[in-house]
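# Examination of the molecular architecture
So you can see what is in the structure, the chains are spelled out below.
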Amino acid sequence: MNADRLPPVAPEVTATLVEDLSPRLRKRLDAAVTKLGARPTHRDGDTVTIAVDDETELRLHAPDGVVATADAITCGCLLAPACVHRAAAACAAPTADPELAARPTQAVPEPASATDPAPGSDSLSEVASPAQRAAAEALWSAGAAVLEAGVDGAGAVTQSALLRAAHTARLRHLPRAAGAALSVVTLVRAARVGDPSYRTADLVTALAELLGTAHRVGTTSGAELAAVRGSARRPYSPDGSLRLYGLFTEPVVTDSGHGGVRTWVAGTDGRLCTVGDVAPGGVGRALGVADRAVRLGDSALTHRELGRAGLAVSGATVSPDGRLGAGKGVKAVTARGAAWTEPPLAALWEPPPSEQAARALRSTSRYADPDGGGRDLLFLDVELLGAVREPGGTCLLALCEGGIRVRLTVADDDPALAHRDNLMLLATAPGTRLRVIGRLVPALHPRLTLLACSHPTGEGTIDLGLDRLRRADLPDPAAPAHLAPPQPGGSGEHSPLYLLERRVEQTVPAGRAALGMLGDVTAETRRLRRAGLPTAAGLLTALCTAAAQRDRDLFGRLLPADTDGFATYWLTAARYTAAVAESLCAAAWEPTQAGRAAAPSAPGQGGPWA
């Protein structure tokens, strides 16, 4: 049984069902979840039925697509409703979005404390209420328990404690921490079932966000506390009339099997917005949707056409992340577009690469406060240098303003998309000057995934995931493939920071005890100190010492591990490595002294645009 075949269950429902189990049944819960996962399911309207055995059925009733009450899960076995099956079904199902599951439950929701601030309060003298601090402490304890046990030991009971803490945090107006807790649960479940899309680095980020946010609730005030609390997801808001100019269209293919496109447009003030169409269907749908009409007002433009044309929109609605709404009140008509070298689009290429990279890092930072500003797209004028071989494949090396050498990589390796073929073809044309749009890849060297570029002939633009270049499109069709010469790395490219990063990641799969058995790390700390990273060396020593430390009582019996102390060291190491990596990434984009005069020509100053 695939968990996606079950309706999502509200976090508090799962927590309640697990908490109601007897100690004996809690010990059997993980085995019951696994066993239930192998049983067939059947959907009939709002109800999904699981065949527990040949004679017993389990039902999940999900009006509006969400199991919102504990009594919406029923079982036909003799022990029901006190059986293990109901809790196992809730644990096997996806966790519902709290906003969608916010409807009356079996128990009356806990009221907010009289001292809890109203959502949206921004008093500079404001501090967290006692109830909020208590909710944050519960989140910290539940997150530390996950870190202590690791993925292998974080079963349904541990996950339930985190779900309960997340529900309480949401009631106390701490949506940011609650969201981080739900992300941890989702990732732990994905890891435990071997989901191919799971990445340990994602769980490291989610755990550090959870622990860091929970800790900051009790130590901040005013505007910083408002950022730590976060805000519930905001709907589309009215934005009046907009004049939009198409930039490019990118295919979107997700690990969950969804496919579609996202078309980027810019307003007269340079603000970027997107019009998307993504639904189940994979790469085949992505290629097909590109030539379908945009779902916005009365426009007959396809996504490909919108990427090169314009729109005049009235009654516009825009989400906080820039997505354009397609409500009934939105009206849109086709208008003239603009070339990348014309206003207002040309202004996107004016800021220097280092400034653009700093802005993009604010958007991609793993632990940035919400609404920190920035977007992850960079707009660069480059000169192609040729292909460069890397351990993971081949990328395209290019020179941009300030003498910065940037590696351009494919956004998606799926052979049905044009990314890889286009990049390999461009690698055969060293010396070609292009105007490009790419997405920042945080790394110790300048790196972008290439999304769109000006046509090598200077006429029009290319959506690199959808349009296919031909050899005849290149300035010199006879040019041989060129391998760019190796170039010296920046100060951070060979940094031994990974020695600390890998210890942080090793904790997540098997827990604190596994890290405590890794042995002496003196050689690693010595390398870190020689590289000028004494703080990293100290954190590595402290982390491994805390992992291995277990005190005994007067009779020689092991005392409980200091989970709080270890979680504090782990959180410090995780946040430190992220901050240093982002700092090294930003430094890599700074212009070189020797390369300032070697920058590619800007439009109107020579090159293919002259």
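A quick note: this is a predicted structure, and the numbers were derived from the prediction, not measured.

## Quick notes on the overall build of the protein
- When you go through the protein residue by residue, the secondary structure sums to 18 helices and 15 strands.
- The buried share of the protein, reckoned over its 610 residues, is 49%.
- As displayed, the protein has an accessible area near 27700 Å², and 53% of this comes from carbon and sulfur atoms.

## Comments concerning the pattern of salt bridges
- Per the counting criterion, the structure on display carries 26 salt bridges.
- With a closest N to O distance of 2.8 Å, E250 and R262 form a salt bridge. Here the residue E250 occupies a position in strand β5 (residues 237–253), and R262 occupies one in strand β6 (residues 258–267), the gap between them amounting to twelve residues.
- You can call E250 buried: its relative accessible area is 6%.
- Where D473 meets R470, a salt bridge forms, and the shortest distance between an N and an O atom there is 3.9 Å.
- For R470, a relative accessible area of 56% translates into the label exposed.
- What you see here is one network of salt bridges that share partners, running through D291, R304, R308, D463 and D467.

## What to know about the nonpolar core
- In terms of nonpolar packing, the biggest core is built from 69 residues, with V184, L203 and W570 touching the most fellow members.
- Among the elements that take part in this core, helix α18 (residues 563–588) stands out by supplying eleven residues, more than any other.
- Setting aside residues up to four positions removed in sequence, L203 forms contacts with V151, V184, L187, V188, Y198 and V508.

## Concerning the state of the cysteines
- For the coordinates displayed, the defined rule picks out zero disulfides.
- The thiol of C75 is unpaired, and the distance to the nearest cysteine sulfur, on C77, comes to 3.6 Å.

## Remarks on the pairing of strand β10 (residues 377–390)
- The buried fraction of β10 is high, at 13 of 14 residues.
- As paired elements, β10 and strand β13 (residues 433–440) share seven bridges and run antiparallel to each other. Residue pairing across strands places L377 opposite R439, the latter belonging to β13.
- What sits between β10 and strand β11 (residues 393–400) in their antiparallel hairpin is a turn of two residues.

## Observations regarding the sheet that holds strand β8 (residues 310–318)
- Reading across the sheet, the five strands line up as β7-β6-β5-β8-β9 and stay open at both edges, with antiparallel pairing between neighbours. Edge positions in the sheet fall to β7 (272–280) and β9 (331–335), since each of these pairs with one other strand and no more. Neighbour-to-neighbour, the strand axes of this sheet turn through a mean angle of 35°, independent of strand direction.
- The sheet contact formed by β5 and β8 spans seven bridges and is antiparallel. The partner of L244 across the bridge, within β8, is L311.
- Packed onto the sheet, helix α10 (residues 282–289) meets β5, β6 and β7 and runs at close to 40° relative to β6.

## Considerations on the packing of helix α5 (residues 130–153) against helix α7 (residues 175–192)
- Axis separation between α5 and α7 bottoms out at 11 Å; the angle between their running directions is 10°. Accordingly, the angle class assigned to the pair α5 and α7 is roughly parallel. On α7, the residues that touch L139, V146, V151, D152 and G153 of α5 are A177, A181, V184, V188, A191 and R192.
- Across the contact of α5 with α7, the residue classes break down as eight nonpolar, one polar and two charged.

## Considering the environment of A135
- With respect to the helices and strands, A135 occurs in helix α5.
- C-alpha separation for the pair A135 and A169, spaced 34 residues apart in sequence, amounts to 5.3 Å.
- For A135, the contacting residues outside a window of four places in its chain are T168, A169, R172 and L174.

## So, the confidence of the model for the protein
- Model confidence for the protein is summarised by a mean pLDDT of 86, while 87% of its residues fall at 70 or above.
- Scored below 50 in pLDDT, residues 103–114 shows 21 contacts in the model against residues more than four places distant or in partner chains.
- Across residues 477–483, where pLDDT falls below 50, the model places 13 contacts with residues more than four positions away in sequence or in other chains.

## Observations concerning the sheet that holds strand β3 (residues 57–61)
- Across the sheet, four strands lie side by side as β1-β2-β3-β4; this open sheet has antiparallel pairing. Of all the strands in the sheet, the pair left with one neighbour each is β1 (41–44) and β4 (73–75). Each strand axis lies, on average, 20° off the axis of its neighbour in the sheet, ignoring direction.
- In the packing of helix α4 (residues 84–92) onto the sheet, the strands contacted are β2 (47–51), β3 and β4, and the crossing angle to β4 comes to about 140°.

## A closer look at the side chain of Q159
- Inspection of the secondary structure assignment puts Q159 in helix α6 (residues 156–171).
- Side-chain polar atoms of Q159 contact the backbone oxygen of A154, separated by 3.0 Å.
- In terms of polar contacts, Q159 uses its side chain to reach the side chain of R189, at 3.0 Å.
- Discounting residues that sit within four places of it in the chain, Q159 has contacts with A154, V185, V188, R189 and R192.

## Points about the packing of aromatic side chains
- Tallied over the entire structure, the rule returns three aromatic pairs.
- Where F248 meets W264, the ring centres are 6.2 Å apart and the plane angle is 10°; that geometry is what we call stacked. Here the residue F248 occupies a position in strand β5, and W264 occupies one in strand β6, the gap between them amounting to 16 residues. Here F248 and W264 have matching classes, each one buried.
- Measuring from centroid to centroid gives 5.1 Å for W349 and F379, while their planes differ by 75°, and the two rings are edge-to-face. A residue pair is termed long-range when its members are at least 10 positions apart, and W349 in the loop between β9 and α12 (353–364) and F379 in strand β10 qualify at 30 residues.

## Regarding the pairing of β11
- Most of β11 is tucked away: six of the eight residues are buried.
- Pairing of β10 with β11 involves eight bridges; the strand directions are antiparallel. When the sheet's bridge partners are listed, V388 is paired in β11 with C395.
- For β11 and strand β12 (residues 404–410), the ladder comprises five bridges, and the chain directions are antiparallel.

Procedures and definitions
Each chain carries its own residue numbering, running from 1 in the written order of its sequence. With the structure being a predicted model, the display of local features is reserved for residues of pLDDT at least 70 and the display and counting of side-chain atom pairs for 80 or more, all residues being used for whole-chain, interface and lining totals. Side-chain metrics rest on all non-hydrogen atoms present in the structure, leaving aside hydrogens and water. Segments assigned H or I by DSSP are reported as helices when at least four residues long, segments assigned E as strands when at least two residues long, and all are numbered from the N terminus. In this scheme, a residue with accessible area under 20% of its type's maximum is buried, one over 50% is exposed, and one in between is partly exposed, where area comes from a 1.4 Å probe on protein chains only. Residue burial considers only the protein chains on display, and all accessible areas are found by Shrake-Rupley using a 1.4 Å probe. Every case where a carboxyl oxygen of Asp or Glu lies within 4 Å of a side-chain nitrogen of Lys or Arg is listed as a salt bridge. We call a set of buried Ala, Val, Leu, Ile, Met, Phe, Trp, Tyr and Cys residues a nonpolar core when their side-chain atoms join them within 4.5 Å. Note on contacts: a residue pair is in contact if any heavy atoms of the two residues lie within 4.5 Å. Note on terminology: pairs of cysteine sulfur atoms within 2.5 Å are recorded as disulfides. A pair of strands is treated as paired once DSSP finds two or more bridges between them. Only C-alpha atoms enter the line fits that serve as axes; for helices the fit covers just the stretch in contact. Angles between N-to-C directions range over 0 to 180 degrees. The scheme is simple: roughly parallel for angles under 35 degrees, roughly antiparallel for over 145, roughly perpendicular for 65 to 115, oblique for anything else. Here the term charged refers only to Asp, Glu, Lys and Arg, the term nonpolar to Ala, Val, Leu, Ile, Met, Phe, Trp, Tyr, Cys and Pro, and the term polar to all other amino acids, Gly among them. Within a predicted model, pLDDT stands for the predictor's per-residue confidence, ranging from 0 to 100. Side-chain atoms alone can form a polar contact between residues adjacent in sequence; in general such a contact is a pair of N or O atoms within 3.5 Å, and within protein one must be able to donate a hydrogen while the other accepts it. Note on aromatic contacts: the rings of Phe and Tyr and the six-membered ring of Trp form a pair at centre separations within 6.5 Å, being stacked when their planes are under 30 degrees apart, edge-to-face when over 60 apart, and tilted otherwise.

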